Amino acid sequence: MRNFLFAFFVLSSIIVFCQKKEDSKVELKQTIDNYLQQTIKANDIPGLAVGVVKDGKIIFEAYYGKENLEGNNPVNKNSLFRIYSTSKLISTVGVFQLIEKGQLSLDDKISKYLEDLPKEWQEVKIKNLLSHSSGIPNIIRYNDILVTATDNEKIERLSKEKMEFKTGNQFSYNQTNYWLLTMIIEKTTGEKFEDYILKSQFKNSKDKILFSSNSSENIANRVVKNFYNTKTKRYEKTSENDGLRAHSGNGVNITLPAFLDWSKNLNNNIFLNSETKKSMWKLFDFNNKKDRFGYGWDITKVKNHNSYGFSGGNVSAYRNFPDNNLSIIILSNGYRYFPIQNQIVNHIAGLVDKNLIDEYLLSEELIISEFLKIDNQKAAQKYEALKKKYPEWNFEKTLNSIGYILIGNGRLNDAIKVFELNVKENPNSGDAFDSLGEGYFITKKYEISKKYYLKSLELNSKNDNARKMLLKINQILSLKN
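Residues numbered from 1 in each chain as written. Predicted model: local features only at pLDDT ≥ 70, side-chain atom pairs only at ≥ 80, totals over all residues. Heavy atoms only, no water.

(A) Representation of the nonpolar core in the model. Counting 66 residues, the largest nonpolar core has Ile110, Ile126, Leu130, Leu180, Trp262 and Trp297 as its most contacted members. The residues contacting Trp297, other than those within four sequence positions of it, are Leu89, Thr92, Val93, Trp262, Leu266, Met280, Trp281, Tyr308, Gly309 and Tyr318. Among the nonpolar cores identified, the runner-up in size contains 52 residues, and Tyr35, Leu48, Val50 and Phe338 belong to it. (Core = buried A, V, L, I, M, F, W, Y, C linked by side-chain atoms within 4.5 Å. Buried < 20%, exposed > 50% of the residue type's maximum accessible area, 1.4 Å probe, protein only. Contact = heavy atoms within 4.5 Å.)

Right under this line is the structure:
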């Protein structure tokens, strides 16, 4: 009887423990869902898909809204989201797979694989393309280069432009880098870039991933990005077409389940071994000793934990927290006010793992949310209360961004209030006074605008924008007199 009672007690304890654990999982899912529902409403997000992988298991997968505004198809497991520049992560993994096999090296000069390059490009290395430190002219800045142009035609046209900076000196986000990586991958493998990526990373994902950098292309279940037109007060579908050779940089269209499988394979060292991943996530050593970026991956610290990822088109994001065995995927098709994909990632990370709760980032999210609410009289009060609690925190850039978002949405008076709060908080910032001057200029209060531009110039004598604006204001005032 004693043994029976002991066994019964142990079994009961296990059942209670398992039930509590299951209840905790359900509670976490509900908490994440509640947060996302609020965020969708606050930012008027048309469609959203979110996935979370923890300790190798999918602990959250949810779909919200519609694929496209003109139809009634809900976002679902088959919805193909164009992830824009988050595509670069998949391309980067493809490069490091070749490095792991010894077919490429970070220190290889690109001239080893590509012919007829300009002399100035000859010393650029693969590591410079991945880290955006090449200095090669950025192809998207030249409107005369057609998306249908051949690789040789593009090289010939870009060869007429000067290098933007000395190779290796600094970080400068550049689409040319990944187009060149496409060519190197194809030269090394003897395959089309798209075929190589599908074979090496998506063998079991038929119909769950495709390549298209043309938003006007008619593709079943494709979720098209929308932008909010502040004049018409409605969303409008994007129609950009970057061409076939932009696929490595911004052309991946993928379902959330396929992306989640990709993330699990990356975490489980299926694509790359752990040492190769470490080298991929290592900080690049920029000559200016200021910029911070890895080899194709953005490196973000959250509560002293490094996270690795990227975002694309302000509608997608992927972030990996290796110390916490956590990965988060955000896929959406638009936002009204503020690109919030990284805010969502940080917030969910803190909900899943208390070690990733970052009070500053949560406070920043709250500030943005409060000031963007229409007719919210308590936004400034909440900000003041927050600053009283954390006087050492600085939100200058955040307030500045909020002000310009409000301007973009035609809320000029609200914008000026935020800019005024910013100069009050940062009385020695020339940038803050410059923005306040711009706010009053837009509202045609030129004398007040002039006062703040003069103050900005007093604080920052190198502010050329303030000088130009003061000339413009003086011309306007002289015509009035």
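We are not done yet, so read on.
(B) Region of interest: the environment of Lys77. Relative to the helices and strands, Lys77 resides in the loop between β2 (57–65) and β3 (80–82). The sequence separation of Lys77 and Leu256 amounts to 179 residues, and the corresponding C-alpha distance is 6.5 Å. For Lys77, the residues in contact, after removing those within four places along its chain, are Glu61, Tyr63, Thr255 and Pro257. Within the structure, Lys77 has its side chain in polar contact with the side chain of Glu61 (distance 2.9 Å). (Helix = DSSP H or I, 4+ residues; strand = E, 2+ residues; numbered from the N terminus. Polar contact = N/O pair within 3.5 Å; in protein donor to acceptor, adjacent residues only side chain to side chain.)

(C) Inspection of empty space enclosed by the protein at higher detail. If you walk through the whole model with that rule in mind, you get 4 cavities of 30 Å³ or more. Its boundaries defined by the atoms lining it, the largest cavity holds a volume of some 70 Å³. Taken together, Ile45, Leu48, Asn314, Val315, Ile330, Ser332, Gly334, Tyr335, Pro339, Ile340, Gln341 and Ile344 make up the lining of the largest cavity. Listing elements by their share of the lining of the largest cavity, those giving two or more residues are β12 (326–332) and α10 (341–352). Here the lining of the largest cavity is composed, by residue class, of 8 nonpolar, 4 polar and no charged. The calculated volume of the second largest cavity comes to roughly 50 Å³. Around the second largest cavity sit Val302, Asn346, His347, Gly350, Leu356, Ile357, Asp358, Leu361 and Leu362, which together line it. Elements with a contribution of two residues or more to the lining of the second largest cavity: α10 and α11 (359–372). (1 Å grid on protein atoms, 1.4 Å probe; cavity = no way out; pocket = protein on both sides within 12 Å on 5 of 7 lines; lining within 4 Å. Points joined across faces, edges and corners; volume = space filled by probe spheres on them. Nonpolar A, V, L, I, M, F, W, Y, C, P; charged D, E, K, R; others polar.)

(D) Local environment of the sheet that holds strand β5 (residues 222–223). Strand order in the open sheet made by the 4 strands is β4-β8-β3-β5, with mixed pairing throughout. Lying at the two open borders of the sheet, with one neighbouring strand each, are β4 (209–211) and β5. Pairing of β3 with strand β8 (residues 252–254), which is carried by 2 bridges, proceeds in the antiparallel orientation. From the neighbouring strand, Arg82 faces β8, where its bridge partner is Asn253. (Pairing = 2+ DSSP bridges.)

(E) Fine view of helix α8 (residues 256–267). Relative to the 16 Å expected for 12 residues at 1.5 Å per residue, α8 spans 16 Å between its end C-alpha atoms, a close match to the ideal helical length. Those residues of α8 that fall on the buried side of the exposure criterion are Leu256, Pro257, Ala258, Phe259, Leu260, Trp262, Ser263 and Leu266. A distance of 3.2 Å separates the backbone nitrogen of Ala258 from a side-chain oxygen at the start of α8, and that oxygen is part of Thr255. Positive backbone phi, at 60 degrees, marks Asn269, one or two positions downstream of α8. (Expected span 1.5 Å × (residues − 1).)

(F) Focus on the sheet that holds strand β11 (residues 316–321). The 6 strands are arranged β2-β1-β12-β11-β10-β9 in an open sheet whose pairing can be described as antiparallel. Across the chains shown, the open sheet's two edge strands, defined by having one partner strand only, are β2 and β9 (298–302). Direction aside, the axes of adjacent strands within the sheet are offset by 15 degrees on average. Here 5 bridges tie β9 to strand β10 (residues 305–312), and the two strands are oriented antiparallel to one another. Each residue of the ladder has a partner; that of Lys301, found in β10, is Asn306. Contacting β1 (47–54), β2, β11 and β12, α8 crosses the sheet at an angle of about 155 degrees to β2. (Axes fitted to C-alpha atoms, helices over the stretch in contact; angles between N-to-C directions.)

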